[in-house]
Amino acid sequence: PARYAVIGHPVAHSLSPRIHAAFGRQAGIALDYTAIDAEPERFDAVLADFAAQGGRGANITLPHKAYAATICQHLSERARRAGAVNTLIRTATGWEGDNTDGAGLVRDLTERHGQDLRGRRTLLIGAGGAARGVAPALLDAGVADLYIVNRNGAHADALADALGEPDRVHPRYLSDVGTLGVFDLVINATSAARGGTPLDLPGGLFAPRGDAVDLSYGEAAIGFLSWARASGADKAIDGLGMLVEQAAESFQRWHGVRPETDPVYAMLREHDD
Ligand code: ATR
């Protein structure tokens, strides 16, 4: 069968092979989807090798999403706006890059968690690859003011500039987050939990019925979501649903079929608890 993979570093614990195997069984499509570890210096060589061995599509994950956008012959509109790619599609001339992260997040929040994002005053914490992937979709979904806070202010400025909506998008220093008022939606898109220094946030950031979302899941989401519950968040949502939804969107790009995500989400959630 055609080959598919997720390429990242580290990647051994990725759930994507299980998710795509489950989608494939559901759709009756035999597919070979593996996890391939590639250190940044080796990314080009690993991808070339994968293509030579019949690779037809790949998910790209940390830390390669921004770099992957630079090697594509063609970028989808949403990948171009994100400046990051999480899905590669083999074409006759090379790779097309797409980004399904933002659509995955919005679908999880609206369909699975019943949220209406329109008009919600939103705080996005972080300005790296993960934040870039979801910001355009949040704007498209109609959030009201989008505050982007980051430790390094230049990164927040760069993301805000790239989004090109100065009336709606406001870059700020993370250290000033306590001065920005309250939010209906607070999204953690930092990698703080994967590094040594925990994210340090003040209380009082949530509006009544304000919700928290962490783009990661499992261990990595625990710190932020516990803080959010203790700070009065209504819902505290991890990134597992987004993971399944972005996978479904990638699966559809490759195979032309939209899988049912609920059973796969339920299966992963069961193992998670
Ligand atoms: P990812 O692809 O996960 O977004 P990244 O592109 O390296 O990874 O971006 C990491 C993000 O997490 C950045 O916004 C980073 O802030 P800086 O740009 O200031 O480095 C943020 N981040 C990482 N550790 C953090 C910490 N301990 N506190 C606050 N922000 C942190």
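Each value, and the rule that gives it
Residues numbered from 1 in each chain as written. Predicted model: local features only at pLDDT ≥ 70, side-chain atom pairs only at ≥ 80, totals over all residues. UniProt positions renumbered as here; feature names shortened; annotations may be inferred. Helix = DSSP H or I, 4+ residues; strand = E, 2+ residues; numbered from the N terminus. Buried ≥ 20, exposed ≤ 12 C-beta atoms within 10 Å, placed from the backbone. Contact = placed C-beta atoms within 7 Å. Pairing = 2+ DSSP bridges. Right-handed = clockwise from strand over helix to strand, strands pointing away. Domains from an automatic or database assignment. Nonpolar A, V, L, I, M, F, W, Y, C, P; charged D, E, K, R; others polar.

1. Quick word on the UniProt feature "active site" (unreviewed entry) in the protein
Stage number 1. The residues that UniProt annotates with the feature "active site" (unreviewed entry) are Lys65.
Stage number 2. Checked against the element boundaries, lysine 65 lands in helix H3 (residues 65–70).
Stage number 3. The exposure class of lysine 65 is buried, given the 25 C-beta atoms found within 10 Å.
Stage number 4. Non-local contacts of lysine 65, meaning those with residues more than four positions away in its chain, are made with Ile60, Ala84, Val85, Asn86, Gly129 and Gly133.

2. Concerning the pairing of strand E1 (residues 3–8)
Stage number 1. Within E1, 5 of the 6 residues are buried, leaving the element largely enclosed by the surrounding structure.
Stage number 2. Two elements, E1 and strand E2 (residues 32–37), share 6 bridges in a ladder whose sense is parallel. Each bridged residue has a counterpart across the sheet, and for valine 6 the counterpart in E2 is alanine 35.
Stage number 3. Regarding the hand of the β-α-β motif, the stretch spanning E1, helix H1 (residues 16–27) and E2 is right-handed.
Stage number 4. In the sheet, E1 pairs with strand E3 (residues 55–60) via 5 bridges, with the strands oriented parallel. Residue pairing in the sheet places isoleucine 7 in a bridge with isoleucine 60 of E3.

3. What to know about the domain arrangement of the protein
Size of an interface: often given as the accessible area lost when the parts come together.
Stage number 1. Parsing the protein into structural domains produces domain 1 (3–100 + 246–272) and domain 2 (114–234).
Stage number 2. Distance from the C-alpha centre of domain 1 to the C-alpha centre of domain 2: 25 Å.
Stage number 3. Listed per partner, the contact involves 10 residues of domain 1 and 6 residues of domain 2.
Stage number 4. Among the elements of the structure, H3 and helix H4 (77–82) are those that each provide at least two residues to the side of domain 1 that touches domain 2.
Stage number 5. Looking at the side of domain 1 that touches domain 2, the element that brings in the most residues is H4, giving 3 residues.
Stage number 6. Per-class residue counts for the side of domain 1 that touches domain 2 are 3 nonpolar, 3 polar and 4 charged.

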